[in-house]
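The chain contents come next:
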Amino acid sequence: MEPITLTFLGTGNAIPTPQRNHTSMLLTYKNLGLLVDCGEGTQRQFPQASLSPHKITHICITHWHGDHILGLPGLLQSLGMSDYAKTLHLYGPKGSNHFMHAITQLMTGMPIKLEVHEINPGVIMETPEWSVEAFSVHHDCPALGYSFIIKEKTRLDKAKLKKLKLPNTPQLGQLAAGKTITINGKTIKPSQVTYQEPGRKVTIILDTGFHPHLAKHAQDANLLITEASFAQEETEKAKEYHHLTAAQAAQIAKQAKAKALMLTHISQRYEHRTDLLIKEAKKVFKNVKAANDFDVLTL
Ligand SMILES: [Zn+2]
Ligand SMILES: [Zn+2]
């Protein structure tokens, strides 16, 4: 199974600290390099994570607040100066065309090919193997969450093929497509030699106020990544500023029956108290951790 790899490039909040840069993460799967948000300084996080920014093929912006996007001009400029040869696709909520126009004006020339997609909620990218879905969240500006979904797949069981002494012909592909075939006079049904490889799902919910519908979008996620800007004592403040507490993030994970929860967008106020956020979240949902810059997860 090809791994999905997530690298946390920045796990901080509005103000960076020596330990935490502004929000950004890179999800890679085969040739896909999906950067979600690009806070100031993100491009410097790449070499520190021993990654090349040329891995990026797509950028998904959750919303146009400075702590999530101020790294874009620098990153795009550096890609141009280092002969980035792909067409870079950038997706974001309402306003993305306007903001990207302003950003490209800042730069001397725009040597990379860039396509901006101002998107509505729904499926925004799809291949036969995987898709990316965007959904609305509840911040004080147009804001989106994203799910990366690998679809369930029918695979051939090599051991069973061997047992039946089937020759390795292109006909076997039809079994994986659900068709019964006849080889050397033997009729083989797909159920005899195939199995279902389960799908996988990573859901990313950054700045948002709490809302019951969020769990629906994270349903059965193998990994849910959410912001956790506040502790429980500041629940009112979280509501006022349209952010989540760690306990609310855990509630979304629990309702969604997610398998694991990773908290990010950690405020400098909790720099030395992330254990408090974890403790409060754990009361609601056990499998929770707080991300640190340069953490790498594979699933
Ligand atoms: Zn925000
Ligand atoms: Zn933010």
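Residues numbered from 1 in each chain as written. Chains lettered and ligands numbered in written order. Predicted model: local features only at pLDDT ≥ 70, side-chain atom pairs only at ≥ 80, totals over all residues. Heavy atoms only, no water.

With respect to the pairing of strand β3 (residues 32–36)
For clarity, the threshold we go by: Each residue is assigned to one of three classes by its accessible area relative to the maximum for its type, calculated with a 1.4 Å probe on protein chains only: buried under 20%, partly exposed between the two thresholds, exposed over 50%. Helical segments are the DSSP runs of H or I of at least four residues, strand segments are the runs of E of at least two, and each set is numbered from the N terminus. Strands are labelled as partners when DSSP assigns at least two bridges between them. The handedness rule is simple: strands pointing away from the viewer, and a clockwise path from the first strand over the helix to the second, make the crossover right-handed.
Burial analysis of β3 places five of its five residues in the buried class, which makes it a mostly covered element. Burial along β3 is two-sided: the face carrying Leu 32, Leu 34 and Val 36 and the face carrying Gly 33 and Leu 35 are both buried. Here five bridges tie strand β2 (residues 24–29) to β3, and the two strands are oriented antiparallel to one another. Considered in β3, the bridge of Tyr 29 is made with Leu 32. The sheet contact formed by β3 and strand β4 (residues 58–60) spans three bridges and is parallel. When the sheet's bridge partners are listed, Leu 35 is paired in β4 with Ile 59. Running through helix α1 (residues 42–48), the crossover from β3 to the neighbouring parallel element β4 is right-handed.

Structural notes on the coordination of the zinc ion (ligand 2)
Test applied: Note that water is not among the atoms considered, so a metal site may appear incomplete; the donors listed are N, O and S atoms within 2.8 Å of the metal, with 3.2 Å applied to Na, K and Ca. A site with four donors is called tetrahedral when every donor-metal-donor angle falls between 85 and 135 degrees; four donors are called square planar, and six octahedral, when opposite donors sit more than 155 degrees apart and all other angles fall between 65 and 115; any other arrangement is irregular.
Those donors, Asp 67 (OD), His 68 (NE2), Asp 207 (OD) and His 265 (NE2), are the protein atoms that reach the zinc ion (ligand 2), and they lie 2.1 to 2.2 Å from it. Classification of the site at the zinc ion (ligand 2) rests on its four donor atoms, whose angles at the metal span 89 to 157°, yielding the label irregular. Read in sequence order, the donor residues coordinating the zinc ion (ligand 2) give the pattern D-H-x138-D-x57-H. Separating the zinc ion (ligand 2) and the zinc ion (ligand 1) is a distance of 3.6 Å, and Asp 207 donates to both of them. One end of the pair, His 68, is in helix α2 (residues 66–69); the other, Asp 207, is in the loop between β14 (200–205) and α8 (214–217), with 139 residues separating them in the sequence.

Overview of the domain arrangement of the chain
Spelled out, the test is: Marked domain ranges trace back to an automatic or database domain assignment.
According to the domain assignment, the chain consists of domain 1 (5–152 + 198–298) and domain 2 (154–195). Summarising the inter-unit geometry, the C-alpha centres of domain 1 and domain 2 are found 42 Å apart.

Structural notes on helix α10 (residues 246–256)
Our working rule: What makes two residues a contact is simply this: any of their non-hydrogen atoms within 4.5 Å.
Here α10 lies mainly inside the structure; eight of its eleven residues are buried. Looking at α10, one finds that the buried residues are Ala 246, Ala 247, Gln 248, Ala 249, Ala 250, Ile 252, Ala 253 and Ala 256. Buried residues along α10 sit in contact with β14, α8, β15 (223–227), α9 (235–240), β16 (261–264) and α11 (274–282). Once α10 ends, the next one or two residues include Lys 257, with phi positive near 55°.

Quick notes on the sheet that holds strand β5 (residues 87–92)
Applicable threshold: Fitted lines through C-alpha atoms serve as axes, helices being fitted only where they are in contact, and the angles separating the N-to-C directions of these axes extend from 0 to 180 degrees.
The sheet built from seven strands is open, its strands ordered β6-β5-β4-β3-β2-β1-β18 with mixed pairing. Sheet topology places β6 (113–118) and β18 (296–298) at the edges, where each strand pairs with a single neighbour. Neighbour-to-neighbour, the strand axes of the sheet open up by a mean angle of 20°, direction not taken into account. Across the sheet, helix α3 (residues 72–81) lies against β3, β4, β5 and β6, angled at about 165° from β5, the strand it touches most.

Here's the deal with the coordination of the zinc ion (ligand 1)
Geometrically, a metal with four donors at the corners of a regular tetrahedron has ideal angles of 109.5 degrees, and one with six donors at the corners of a regular octahedron has ideal angles of 90 or 180 degrees. Each protein donor to the zinc ion (ligand 1) is listed here as His 63 (NE2), His 65 (ND1), His 139 (NE2) and Asp 207 (OD); together their distances run 2.2 to 2.3 Å. Seen from the zinc ion (ligand 1), its four donor atoms lie at angles of 88 to 167°, and the figure they make is irregular. Donor residues for the zinc ion (ligand 1) sit on one chain with the sequence pattern H-x1-H-x73-H-x67-D. Among the residues examined, His 65 registers a relative accessible area of 25% and is labelled partly exposed.

What to know about the pattern of salt bridges
Basically, it comes down to this: Any carboxyl oxygen of Asp or Glu that lies within 4 Å of a side-chain nitrogen of Lys or Arg is treated as forming a salt bridge with it.
All chains considered together, the criterion is met by six salt bridges. Note that Glu 129 and Lys 30 form a salt bridge whose closest N and O atoms lie 3.0 Å from each other. With Glu 129 in the loop between β7 (122–126) and β8 (130–136) and Lys 30 in the loop between β2 and β3, this residue pair connects regions lying 99 residues apart in the sequence. Of the residues examined, Lys 30 reaches a relative accessible area of 48% and is grouped as partly exposed.

A few points about the packing of aromatic side chains
Put simply, the rule reads: Any Phe, Tyr or Trp ring, taking Trp's six-membered ring, that has another such ring centre within 6.5 Å forms a pair; planes under 30 degrees apart are called stacked, those over 60 apart edge-to-face, and the others tilted.
Under the counting rule described, the total for this entry stands at three aromatic pairs. Between the aromatic rings of Trp 64 and Phe 99, the centroid separation amounts to 5.2 Å while the plane-to-plane angle is 20°, which identifies the pairing as stacked. A residue pair is termed long-range when its members are at least 10 positions apart, and Trp 64 in the loop between β4 and α2 and Phe 99 in helix α4 (residues 96–106) qualify at 35 residues. We classify Phe 99 as partly exposed; its relative accessible area is 34%. On the basis of an interplanar angle of 50° and a centroid distance of 5.6 Å, the ring pair of Trp 130 and Phe 148 is categorised as tilted. Placement of Trp 130 in strand β8 and of Phe 148 in strand β9 (residues 144–150) is noted, with a sequence separation of 18 residues between them. In this structure, Trp 130 and Phe 148 share a single accessibility class: buried. Chaining the aromatic ring pairs together yields one cluster made of Tyr 29, Trp 130 and Phe 148.

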